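Each chain, written out:
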Amino acid sequence: AFSKSGDKMFIVGATNNNQGKVSEFTLTAPWDVSTASFVDSLDVRSCGANCGAAFGLAFSKSGDKMFVMVSKVVDQVDEYTLTTAWDISTASFVDSFSVATQETVPTGIAFSKSGDKMFVVGDTGNDVNEYTLTTAWDVSTASFVDSFSVSSQEATPQDIWFDSSGKTMFILGKAGDDVNVYKLTTAWDVSTASFTG
């Protein structure tokens, strides 16, 4: 994930020394990863060392909320508040939202621009699960809406991203080693998605 200005980069770790950690980097030239330097890291295993792996990562538009997808044991979205935007050293755990009913190996997470929709992609259902948040950027208010299968294009979806209009969805795949693109006729509504290439 990146800060809005592109001068901060964040990497979430699933294995080895980075398991369950978010690492923060500063970029001296925005959006140029060759200029990145490590700042610090934060252990985000809210349920301890046996919590599993951290996969998906997302931030609120303002950078004062961080969301981490924890998988394989608890299958939940963990929400953090940052007292200084885009600075993970100021993060504190708020609460969690379980997605286990829809997905037992969640790998990616994205939000609508307004923060009132959340999308989770996973390796078990091979689909995108859509949730509505009655309070923007507050996962404790999330409720499941519906899902959209990507299994015809990808057997191991890893991450998800939307353009700012909410009408183009991108799914990163491990099995196909590719990015699959979908068009939504209604913004932020995955039930209206169709594969384009």
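For the structure itself, consult the block above.
All values derive from a computational prediction rather than experimental measurement.

Structural notes on the sheet that holds strand 8 (residues 106–111)
One open sheet accounts for four strands, arranged 8-9-10-11; its pairing is antiparallel. On the outer flanks of this sheet lie strand 8 and strand 11 (142–149), each paired with one strand and no other. Neighbour to neighbour, the strand axes of the sheet diverge by 25 degrees on average, direction disregarded. Bridging between strand 8 and strand 9 (residues 117–122) involves five bridges; their strand directions are antiparallel. Its bridge partner being in strand 9, Gly108 is matched across the sheet by Val121.

Here we look at the side chain of Ser60
Among the structural elements, Ser60 can be located in the loop between strand 4 (53–59) and strand 5 (65–71). Ser60 has contacts with Lys65, Phe67, Trp86 and Trp137, leaving out every residue within four places of it along the chain.

Brief notes about the environment of Gly176
As for its placement among the helices and strands, Gly176 is situated in the loop between strand 13 (168–173) and strand 14 (178–184). For Gly176, a relative accessible area of 37% translates into the label partly exposed. Remark: the alpha-carbon pair of Gly176 and Val22, spanning 154 residues in sequence, is separated by 26 Å.

Thoughts on a nonpolar patch on the surface
Taken together, Phe2, Trp31 and Val33 make up a surface patch of nonpolar side chains, about 320 Å² in accessible area. Here Val33 is to be found in the loop between strand 2 (21–27) and strand 3 (36–43).

Brief notes about unusual backbone geometry
Located in the positive-phi region is Asp177, a residue other than glycine, with phi close to 50 degrees. Within the secondary structure layout, Asp177 lies in the loop between strand 13 and strand 14. Positive phi outside glycine occurs at Trp188, with the angle close to 65 degrees. Along the chain, the position of Trp188 falls in the loop between strand 14 and strand 15 (193–195). Taking relative accessible area as the criterion, Trp188 reaches 14% and is therefore assigned buried.

Concerning the packing of aromatic side chains
In this structure the tally under the stated criterion is 17 aromatic pairs. Here the aromatic cluster, defined as three or more aromatic residues joined through ring pairs, consists of Phe10, Phe59 and Trp86.

Definitions and cut-offs
Residues numbered from 1 in each chain as written. Predicted model: local features only at pLDDT ≥ 70, side-chain atom pairs only at ≥ 80, totals over all residues. Heavy atoms only, no water. Pairing = 2+ DSSP bridges. Helix = DSSP H or I, 4+ residues; strand = E, 2+ residues; numbered from the N terminus. Axes fitted to C-alpha atoms, helices over the stretch in contact; angles between N-to-C directions. Contact = heavy atoms within 4.5 Å. Buried < 20%, exposed > 50% of the residue type's maximum accessible area, 1.4 Å probe, protein only. Patch = residues over 30% accessible without salt bridge, like charges linked within 9 Å, V, L, I, M, F, W, Y side chains within 5 Å. Areas by Shrake-Rupley, 256 points an atom, 1.4 Å probe, with all protein chains shown as cover. Salt bridge = Lys/Arg side-chain N within 4 Å of Asp/Glu carboxyl O. Phe/Tyr/Trp six-rings, centres within 6.5 Å; stacked < 30°, edge-to-face > 60°.

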